[in-house]
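Fold and geometry: a report
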Amino acid sequence: MDLEARSLQPNVKAVLLAKLREYKSDLNNLKSEHKRLASANSNQAARDDLLESGMADAMSVSANQRGRLMMSTERLNESSDRIKESRRTMLETEELGVSILQDLHQQRQSLLHANDTVFLLLKVPYRLHLLTGKFEGKDDRKRLMRKGGRKNK
């Protein structure tokens, strides 16, 4: 267009060149404004992309943390259940042990009573100590062996 306007007559040429400069100036202003808006939009788009990716990262991190928290809570609950089961087993074992000790005590008392009864019936002035296996009383073991378990007269 510039070349065509220069090739025209001088009176028309000056008017067209002035309009052409004005149009070029407007075009340059519009281009710069377009660049400014495009860069603002691209900056906004880049910002939005960053925020969205940041939110996605935050959401994935949050989901990851939530998953780990759920897994930890589940392990804690399983451990608590195992502790409760172990405690229940321990209490049952303790009750069984107490019961066995009571039975053994009763059996010991029965044996001691039977031992005393036998020696009272035989009227022997000594008795066998059940725990040590030694005789107690005024006669000793040798004397018992000599008598052969006969009564004193």
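What counts as what
Residues numbered from 1 in each chain as written. Predicted model: local features only at pLDDT ≥ 70, side-chain atom pairs only at ≥ 80, totals over all residues. Heavy atoms only, no water. Helix = DSSP H or I, 4+ residues; strand = E, 2+ residues; numbered from the N terminus. Buried < 20%, exposed > 50% of the residue type's maximum accessible area, 1.4 Å probe, protein only. Contact = heavy atoms within 4.5 Å. Salt bridge = Lys/Arg side-chain N within 4 Å of Asp/Glu carboxyl O. Patch = residues over 30% accessible without salt bridge, like charges linked within 9 Å, V, L, I, M, F, W, Y side chains within 5 Å. Areas by Shrake-Rupley, 256 points an atom, 1.4 Å probe, with all protein chains shown as cover. pLDDT = per-residue confidence, 0-100.

Let us look at the overall build of the protein. Helix and strand counts for the protein come out as three helices and two strands. Beginning at the N terminus, the succession of helices and strands in the protein can be written as α-α-β-β-α. Expressed as a percentage of its 153 residues, the buried residues of the protein come to 6%. Residue pairs in contact within the protein that sit at least 24 positions apart in sequence constitute 5% of those at least 6 positions apart.

This brings us to the pattern of salt bridges. A side chain with one charge may pair with a side chain of the opposite charge, provided their charged atoms come close. In the structure shown here, the tally under the stated rule is two salt bridges. For glutamate 85, the salt bridge is made with arginine 88, and the minimal N-O distance between the two is 2.3 Å. Note that glutamate 85 and arginine 88 are positioned in helix 2 (residues 10-122) at a spacing of three residues, about one turn of the helix. A residue is classified by how much of its surface remains accessible, and glutamate 85, at 41% relative accessible area, is partly exposed. For arginine 88, a relative accessible area of 39% gives the class partly exposed. Residue glutamate 92 is joined to arginine 88 by a salt bridge in which the shortest nitrogen-to-oxygen separation is 2.4 Å. Here glutamate 92 pairs with arginine 88, and both are found in helix 2, just four residues apart, close to one helical turn. Of the residues examined, glutamate 92 reaches a relative accessible area of 43% and is grouped as partly exposed.

Turning next to a nonpolar patch on the surface. A cluster of nonpolar side chains, namely Leu96, Ile100, Leu101 and Leu104, defines an oily patch on the protein surface of about 400 Å² accessible area. When you line up the elements, leucine 96 lands in helix 2.

When pLDDT is averaged across the protein, the result is 76; 64% of the residues are at 70 or more. Per-element averaging of pLDDT across the protein places helix 3 (residues 141-147) at the bottom with 53 and helix 2 at the top with 83.

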